[in-house]
Amino acid sequence: MCGIVGYWGPVGPKKVIIDGLRRLEYRGYDSTGVAIFNQKTLQVLRSPGKLAALEERLKGIEFSGPSGIGHTRWATHGVPNERNAHPHKVGPIAIVHNGIIENYAEIREMLIRRGDKINSDTDSELIAHLLNDELKSSKGLLEATVKLIPKLKGAYSILVINENEPDTLVAFKSGTPMVVGLGEKEVIIASDVQAIIEHTKRVIYLDDGEIVCTQKNSAKFYDIHGKPLDKKPVTLNWSTQMAEKQGFDHFMQKEIFEQPRALRQTLEPHVTLNPYSVNVKDLGLSESEIKDISRIQLIACGTSWHAALVSKYVFERLTKIPTDVDIASEFRYRDPILDKKTLVIAVSQSGETADTLAGLRLCKQQGLKTLAICNVPHSSIDRESHGHFYTQAGPEIGVASTKAFTAQILSLHLLALHFGRIRGSLNADQISSYTQDLIKVPSQVEVCLNHDKWFKEAAEDLAKYKGFLYLGRGICFPVALEGALKLKEITYLHAEGYPSGELKHGPIALVEPTMAIIAMCPQDDLYEKNVSNIEEVRARGGPIISIGTENDHTLEKLSLHFLSIPKAGWLTNPLLSAIPIQLLSYHLAVALGRDVDQPRNLAKSVTVE
Ligand code: F6R
């Protein structure tokens, strides 16, 4: 989604803003722009396409002022062209915006009726017109912003600058994220900490309905009515290095290979070795609250939803708590029936996904306990939940989620074991055995990664197929869904994920030699049933690429490509099967020349509905 960066300080706004926008490229965008002080005027330069096109336009321009704002746009209202790119300047005001203004049509009509010239198709430009109106009767940008806010409806954030106040930046958050970085002699306001961490680790997150007004390097915070607020900074522990490619060709590839470390870091704080057990620390849920849970409701989107689906099998088997999993955008509009003893778990890598956040808020309004499984500490979903479990995957930059997926599955496994121990649904031997299985996961993932050469060979062979059917059963069915999603996202080829048992109820009609079947078939309690389904596909000429347990010669004989994972327990199979499906998609996308890290039309963090 849109990226926002604003800067005041000695380094030179052009460099800081462009570097910041580059760090936000991973979020997905289609046009860019800046408004930076040059002498006493705010110079606006915008360009469709990638940041490199804007940099070309900025070449040779020396900006002499102390401040500026910049933007990467992911189009909502109006096609991605220069006219619709941000910033929008009206009078002395320049504005960048993220989110959607819902009363856009009526504002536009009012402005046109009174004779304003509207230059773009965006809702964002309209904000600049209204703010310019307010500025005429205000002492400055802060007062004008306070007067503007009641006129706008929707979930949005803005960052504004005024030609007559070069040392001032004002931002407002209502829905989409906004963070203020406080350096020694500089201040950066951005929609994502990635644009800030190179300069300072001291940051203050705006909550919904809050305004920040910076004067040189001091920042003051206000509520929606302009009443001062006291907000404390937090210190980030992510480094810029964690968000670099470090010798890999793509962020996605680096993140796939980081999984042993990510999983180890997610696991280690919560396991004990003598006895082998799981004790999740700092969850924010007491033992009596855990014993009291009557139902678990998970909400998530995309890949995080697939991780949540895996956990349904695990929670129900290990804790005996009835568990439901909903896609957040469906959950929030289906009038869910929730009793007070339901624990709501929101699963999100970014912690900013608009639908997941809205689902969480709905549950909180009904008085339910909520728990966030997030990869980004201090993100909105994390801040607004009662309890917290952090996936320790580190920054995920590739748009296609990989290390966050396996870290989420592992986190949910750990929670299930923790709940099972506290509620007595698991005995000490079961806890010990499952814990030992999980401890082995990082090194078993390393073994899978060592097979990359074979996964690459298989992937390159897949380019000839016209479609892909991913099959799995039980705990590995959601991995089939994830395999199909990964393939669609980064190769733009059509793929579907199905439970193997559903095949005969429809999708088997698709089976023919040009439709590749990718079957998850580890040696678990459903193995024989899976093999029968594979036989049915083979009998109809479907080419099989199987993911199975090492030395499974039966499966190997049935398959065109047999991708092996180490022999492992029930809980571990989805984690290991994830590695070949990620690498198959990655290598096929590279072979097809796709933009692996920034696939078309996609955004890393979906902050609008
Ligand atoms: C797929 C992908 C998306 C996200 C989804 C939810 O590779 O990355 O499907 O999983 O947008 O995002 P988070 O987890 O940040 O809530």
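Since the model is a prediction, treat every value here as computed from it, not as a measurement.

Caption draft 1: Spatial organisation of the overall build of the protein chain. Regarding its fold elements, the protein chain presents 19 helices and 27 strands. Its C-alpha atoms give the protein chain a radius of gyration of 25 Å, near enough to 25 Å, the size a compact globule of 609 residues would have. Seen through its principal axes, the protein chain has C-alpha atoms that stretch 75 × 55 × 45 Å. Looking at the protein chain as a whole, 62% of its 609 residues qualify as buried.

Caption draft 2: Quick look at the sheet that holds strand β26 (residues 544–549). Strands sit in the order β24-β23-β25-β26-β27 across an open sheet of five strands; the sheet is parallel. Where the open sheet ends on each side, the last strands, each with one partner, are β24 (495–499) and β27 (561–565). Strand-to-strand, the axes of this sheet are offset by a mean angle of 20°, without reference to chain direction. Sheet topology note: the β26/β27 ladder contains five bridges and is parallel. In the sheet register, I547 faces β27, and the bridge partner there is L563.

Caption draft 3: Structural context of empty space enclosed by the protein. Within the structure shown, the criterion is met by two cavities of 30 Å³ or more. In this structure, the largest cavity encloses a volume near 230 Å³. Lining the largest cavity are 19 residues; nearest its centre among them are Y26, R27, D192, S350 and V376. When residues of the lining of the largest cavity are sorted by domain, at least three fall in each of domain 1 (3–242) and domain 2 (245–445). Counted as a void, the second largest cavity has a volume near 60 Å³. Around the second largest cavity, the lining is made up of 13 residues, and of these R73, T76, H86, D123 and S124 lie nearest the centre.

Caption draft 4: Broad picture of the side chain of T303. For T303, the location among the structural elements is in helix α9 (residues 302–319). Side chain to side chain, T303 and K486 meet in a polar contact 3.1 Å long. If sequence neighbours within four positions are ignored, T303 has contacts with S401, F405, Q408, E482, L485 and K486.

Caption draft 5: Highlighting the site of the ligand. In the vicinity of the ligand lie 14 residues, with S304, S348, Q349, S350 and T353 positioned nearest. Backbone polar atom of T303 to an oxygen atom of the ligand: 3.0 Å apart, as the coordinates give it. V399 is positioned such that a nitrogen or oxygen atom in its backbone is 3.3 Å from an oxygen atom of the ligand. Within the complex, the protein chains bury 90% of what would otherwise be the 410 Å² of accessible surface of the ligand. Of the pockets mapped on this structure, the ligand occupies the largest pocket. At the level of secondary structure, the elements contributing two or more residues to the shell around the ligand comprise α9 and α16 (477–491). Here the shell around the ligand is built from residues that sort into four nonpolar, eight polar and two charged. Each of domain 2 (245–445) and domain 3 (451–609) accounts for three or more of the residues forming the shell around the ligand.

Caption draft 6: A look at the sheet that holds strand β18 (residues 295–300). Taking strand neighbours across the sheet as the criterion, the five strands line up as β19-β18-β20-β21-β22 in an open arrangement whose pairing is parallel. Every interior strand has two partners, whereas the edge strands, β19 (323–327) and β22 (387–390), have only one. Going from strand to strand, the sheet's axes swing by 20° on average, the running direction of each strand aside. Of the strands in this sheet, β18, β19 and β20 (342–348) touch α9, which is tilted by about 170° from β19.

Caption draft 7: Representation of the pattern of salt bridges. The full count for this structure, using the stated rule, is 39 salt bridges. A salt bridge links K504 to E536, with the nearest nitrogen and oxygen atoms 3.1 Å apart. On the criterion of sequence distance, the pair formed by K504 in the loop between β24 and β25 (515–521) and E536 in helix α17 (residues 527–539) is long-range, its members being 32 residues apart. Linked by salt bridges that have partners in common, K15, D19, R22 and E55 make up one network.

Caption draft 8: Local environment of the packing of aromatic side chains. Scanning the entire structure with this criterion turns up four aromatic pairs. On the basis of an interplanar angle of 35° and a centroid distance of 6.0 Å, the ring pair of F315 and F419 is categorised as tilted. Of this pair, F315 sits in helix α9 while F419 sits in helix α13 (residues 403–423), and the two are 104 residues apart along the sequence. Taken as a pair, F315 and F419 share a single burial class, namely buried. Aromatic pair Y465 and F468: ring centres 6.4 Å apart, planes at 80°, arrangement edge-to-face. Considered together, Y465 and F468 belong to a single accessibility category, that of buried residues. Seen from the ring of Y29, K50 lies directly overhead, with NZ or CZ sitting 4.8 Å from the centre. When the ring centre of W570 is taken as origin, the NZ or CZ atom of R317, which lies over that ring, is 4.0 Å away.

Caption draft 9: Local environment of the layout of surface pockets. Counted as a void, the largest pocket has a volume near 550 Å³. Surrounding the largest pocket, 30 residues form its lining, C301, G302, A603, K604 and V606 being those nearest its centre. Elements that contribute at least two residues to the lining of the largest pocket include exactly α9, β20, α11 (354–365) and α16. Tallied by class, the residues present in the lining of the largest pocket amount to 13 nonpolar, twelve polar and five charged. A domain split of the lining of the largest pocket shows at least three residues from each of domain 2 (245–445) and domain 3 (451–609). Of the volumes computed, that of the second largest pocket is approximately 340 Å³. Forming the walls of the second largest pocket are 16 residues, and the residues nearest its centre are A155, R332, A354, A358 and E609. Within the residue set of the lining of the second largest pocket, elements represented by two or more residues are β7 (154–162) and α11. Per-element tally for the lining of the second largest pocket: the top contributor is α11, with four residues.

Parameters and conventions
- Residues numbered from 1 in each chain as written.
- Predicted model: local features only at pLDDT ≥ 70, side-chain atom pairs only at ≥ 80, totals over all residues.
- Heavy atoms only, no water.
- Helix = DSSP H or I, 4+ residues; strand = E, 2+ residues; numbered from the N terminus.
- Rg over C-alpha atoms; globule rule 2.2 N^0.38 Å.
- Buried < 20%, exposed > 50% of the residue type's maximum accessible area, 1.4 Å probe, protein only.
- Pairing = 2+ DSSP bridges.
- Axes fitted to C-alpha atoms, helices over the stretch in contact; angles between N-to-C directions.
- 1 Å grid on protein atoms, 1.4 Å probe; cavity = no way out; pocket = protein on both sides within 12 Å on 5 of 7 lines; lining within 4 Å.
- Points joined across faces, edges and corners; volume = space filled by probe spheres on them.
- Domains from an automatic or database assignment.
- Polar contact = N/O pair within 3.5 Å; in protein donor to acceptor, adjacent residues only side chain to side chain.
- Contact = heavy atoms within 4.5 Å.
- Near = heavy atom within 4 Å.
- Areas by Shrake-Rupley, 256 points an atom, 1.4 Å probe, with all protein chains shown as cover.
- Sits in = over half its atoms within 2 Å of the grid points.
- Nonpolar A, V, L, I, M, F, W, Y, C, P; charged D, E, K, R; others polar.
- Salt bridge = Lys/Arg side-chain N within 4 Å of Asp/Glu carboxyl O.
- Phe/Tyr/Trp six-rings, centres within 6.5 Å; stacked < 30°, edge-to-face > 60°.
- Lys NZ or Arg CZ within 6 Å of the ring centre and 35° of its normal.

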